[in-house]
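Single-letter residue listing:
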There are 2 protein chains.
Amino acid sequence: MMSVRPYADAVEKLRAAGLRPTRQRLALWKLLFSGGDRHVTAEALQAEAAGAGVRVSLATIYNALHQFTQADLLREVVVDGAKTYFDTNTTDHHHFYVERDGELMDIPGEAVEVSGLPATPAGMALERVDVIVRLRASDESKA
Amino acid sequence: MMSVRPYADAVEKLRAAGLRPTRQRLALWKLLFSGGDRHVTAEALQAEAAGAGVRVSLATIYNALHQFTQADLLREVVVDGAKTYFDTNTTDHHHFYVERDGELMDIPGEAVEVSGLPATPAGMALERVDVIVRLRASDESKA
DNA sequence: ATAGTTGCAAAAGTTTTGCATTGTA
DNA sequence: TACAATGCAAAACTTTTGCAACTAT
């Protein structure tokens, strides 16, 4: 018979990824995938979990984030040397990045086209093309 | 009268940037700008300096790299959360990145065009558009 | 002589690791 | 019960900071 518990989806998706549906992974899953697309850092996710009454160690958060990434449930986004962002949107897309706030926004991938790229060097295969549009508040008094 | 010492250019460029042409900065300058375009990490640059018989502390390397960056003599490139790269090419251009080797290659900027980007959000000004083409060795046995 | 620089070591920050404990199946 | 996952604390790393000693002008 079919389960009617919440998380039924999550349980199956985790199993499909070869990951046991543990309490922690389910809690993180819910935080990550309940709303729309999200961009989180390990630290922010831990704070959220804590706010939701779930105690998860940072080590476990990192473990889960990397496991989810390997299972193609998350995508790592590199925009700032200081912090690693994980994106719940794993489809082909790009990013706006507001350096001052550390805020990331998706740019749908279908619209964007990059032309004029040279051929991939011999012996190399194209893995992915990342476009990062860096923004600053236009009313910043300086610069 | 005109100086015929090596570094004459460097001395002037540093002065123009408001930086004293100290022994360390001149040595780093030479390492950075003697060849063609280069992509270096702080650690790699220190190793190079050491190999050239110049002892410079990592702290000084970081100081110099950031000062050069502020003076628009270098450009910071973010491709990997673990390490910060500095690029001696400050003109508008993009990058190939081979994750496995941590190798960066320039893609001339004139050729590349990014189209279909949505309008910059209200109150925001466009700072820069970075295109990173991630590559992997095509003969990698796995994945 | 003065003010900017350097070097060191220690601090700060993020991410990873090792191992005993716990929980899932 | 067995094996994977967790949590903690400590380690590993890169980058930054503070301050005494040094050096360019």
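What you are looking at is a predicted structure, and each value in this text was computed from that prediction instead of being measured.

About the cut-offs
Residues numbered from 1 in each chain as written. Chains lettered and ligands numbered in written order. Predicted model: local features only at pLDDT ≥ 70, side-chain atom pairs only at ≥ 80, totals over all residues. Heavy atoms only, no water. Near = heavy atom within 4 Å. Polar contact = N/O pair within 3.5 Å; in protein donor to acceptor, adjacent residues only side chain to side chain. Helix = DSSP H or I, 4+ residues; strand = E, 2+ residues; numbered from the N terminus. Phe/Tyr/Trp six-rings, centres within 6.5 Å; stacked < 30°, edge-to-face > 60°. Buried < 20%, exposed > 50% of the residue type's maximum accessible area, 1.4 Å probe, protein only. Least-squares fit on C-alpha atoms with pLDDT ≥ 70 in both. Contact = heavy atoms within 4.5 Å. Nonpolar A, V, L, I, M, F, W, Y, C, P; charged D, E, K, R; others polar. Buried area = accessible area lost by both parts, 1.4 Å probe. Salt bridge = Lys/Arg side-chain N within 4 Å of Asp/Glu carboxyl O. Pairing = 2+ DSSP bridges. Axes fitted to C-alpha atoms, helices over the stretch in contact; angles between N-to-C directions. Domains from an automatic or database assignment.

1. Focus: the protein's contact with DNA strand C
Okay, so step 1: In the neighbourhood of DNA strand C, 23 residues make up the surrounding shell, with Tyr62, His66 and Thr84 of chain A together with Arg25 and Arg55 of chain B lying closest.
Okay, so step 2: Near the protein, meaning within 4 Å, the atoms of DNA strand C are sugar or phosphate in a fraction of 82%, with bases accounting for the rest.
Okay, so step 3: Arg15 of chain A places a polar side-chain atom, nitrogen or oxygen, 3.1 Å from a phosphate oxygen of DNA strand C.
Okay, so step 4: Here a phosphate oxygen of DNA strand C and a side-chain polar atom of Thr60 of chain B are 2.7 Å apart.
Okay, so step 5: Taken together, the elements giving at least two residues each to the surface near DNA strand C come down to α4 (58-70) of chain A together with α2 (23-33) and α4 (58-70) of chain B.
Okay, so step 6: The greatest single-element share of the surface near DNA strand C, amounting to four residues, is contributed by α4 of chain A.

2. Considerations on the packing of aromatic side chains
Residues and elements named next belong to chain A.
Okay, so step 1: Inspection of the entire model under this criterion finds six aromatic pairs over all chains.
Okay, so step 2: Seen in terms of ring centroids, Trp29 and Phe68 are 5.8 Å apart; in terms of plane orientation they differ by 75°. Their pairing is edge-to-face. Separated by 39 residues along the polypeptide, Trp29 in helix α2 (residues 23-33) and Phe68 in helix α4 bring together distant segments of the chain.
Okay, so step 3: Measuring from ring centre to ring centre gives 6.2 Å for Tyr85 and Tyr97, while their planes differ by 75°; the resulting arrangement is edge-to-face. Taken as a pair, Tyr85 in strand β3 (residues 85-87) and Tyr97 in strand β4 (residues 93-98) lie far apart in primary sequence, twelve residues in all. Across the pair, exposure class does not vary: Tyr85 and Tyr97 are buried alike.
Okay, so step 4: Members of the aromatic cluster, connected to one another through ring pairs, are Trp29, Phe33 and Phe68.

3. Regarding the relation of the copies chain A and chain B
Okay, so step 1: Rotating chain A by 179° and translating it 0.0 Å along the rotation axis places it on chain B, where the RMSD comes to 0.1 Å. Taken together, the turn and the small shift mark the pair as related by a two-fold rotation axis.
Okay, so step 2: Interface residue correspondence from chain A to chain B reaches 100%, placing this contact among same-surface, isologous pairings.

4. With respect to the protein's contact with DNA strand D
Okay, so step 1: DNA strand D sits among 21 residues. The nearest are Arg55 and Thr60 of chain A together with Arg15, Tyr62 and Thr84 of chain B.
Okay, so step 2: Taking all atoms of DNA strand D within 4 Å of the protein, the share assigned to sugar and phosphate is 84%.
Okay, so step 3: A distance of 3.5 Å separates a phosphate oxygen of DNA strand D from a polar backbone atom of Ser57 of chain A.
Okay, so step 4: Contact between DNA strand D and Arg23 of chain B: a phosphate oxygen at 3.5 Å from a side-chain N or O atom of the residue.
Okay, so step 5: Contributions of two or more residues to the surface near DNA strand D are made by α2 and α4 of chain A together with α4 and β3 (83-87) of chain B.
Okay, so step 6: Considering only residue class, the surface near DNA strand D consists of seven nonpolar, six polar and eight charged.

5. Some words on the interface of chain A and chain B
Okay, so step 1: Across the boundary between the two partners, chain A contributes 36 residues, which contact 36 residues of chain B.
Okay, so step 2: When chain A packs against chain B, the two sides together hide about 3,200 Å² of surface, and 61% of this comes from carbon and sulfur.
Okay, so step 3: Contact with chain B buries area across many residues of chain A, yet Val78, Arg134 and Arg136 of chain A alone supply 18% of it, more than any other trio.
Okay, so step 4: Taken together, the connections running from chain A to chain B amount to four salt bridges.
Okay, so step 5: A salt bridge links Glu127 of chain A to Arg136 of chain B, with the shortest nitrogen-to-oxygen separation between them at 3.0 Å.
Okay, so step 6: Between chain A and chain B we count 16 residue pairs in polar contact (both at pLDDT 80 or more) in total.
Okay, so step 7: Secondary structure elements with two or more residues in the side of chain A that touches chain B: β4, β5 (103-108), β6 (113-115) and β7 (124-137) of chain A.
Okay, so step 8: If one sorts the elements of the side of chain A that touches chain B by residue count, β7 of chain A sits on top with 14 residues.
Okay, so step 9: Here β7 of chain A pairs with strand β7 (residues 124-137) of chain B via 13 bridges, running antiparallel.

6. Considering the sheet that holds β7 of chain A
Okay, so step 1: Spatial strand order, β5(A)-β4(A)-β7(A)-β7(B)-β4(B)-β5(B): six strands in an open sheet with mixed pairing. Each having just a single partner strand, β5 of chain A together with β5 (103-108) of chain B make up the two edges of the open sheet. Neighbouring strand axes in the sheet, compared pairwise and without regard to direction, differ in orientation by 30° on average.

7. Thoughts on the pairing of β7 of chain A
On any regular strand, side chains alternate: one points to one face of the sheet, the next to the other face.
Okay, so step 1: As judged from the four bridges shared by β4 of chain A and β7 of chain A, these two strands associate in the parallel manner. Its bridge partner being in β7 of chain A, Phe96 of chain A is matched across the sheet by Val133 of chain A.

8. Side note on the domain arrangement of chain A
Residues and elements named next belong to chain A.
Okay, so step 1: Per the domain assignment, the segments of chain A are domain 1 (1-89) and domain 2 (91-143).
Okay, so step 2: Between the C-alpha centres of domain 1 and domain 2 there is a distance of 24 Å.
Okay, so step 3: Facing the eleven residues of domain 1 at the interface are twelve residues of domain 2.
Okay, so step 4: Taking both sides of the interface into account, the surface hidden between domain 1 and domain 2 amounts to around 1,000 Å²; carbon and sulfur atoms contribute 45%.
Okay, so step 5: Together, Arg75, Val79 and Asn89 form the three largest contributors to the area buried by domain 1 at its contact with domain 2, with a combined 53%.
Okay, so step 6: On inspection of domain 1 and its partner domain 2, the count reaches one salt bridge.
Okay, so step 7: Asp130 serves as the salt-bridge partner of Arg75, at 4.0 Å between the closest nitrogen and oxygen.
Okay, so step 8: The interface formed by domain 1 and domain 2 includes eleven residue pairs in polar contact (both at pLDDT 80 or more).
Okay, so step 9: Counting only elements with at least two residues in the side of domain 1 that touches domain 2, the list comes to β2 (75-77) and β3.

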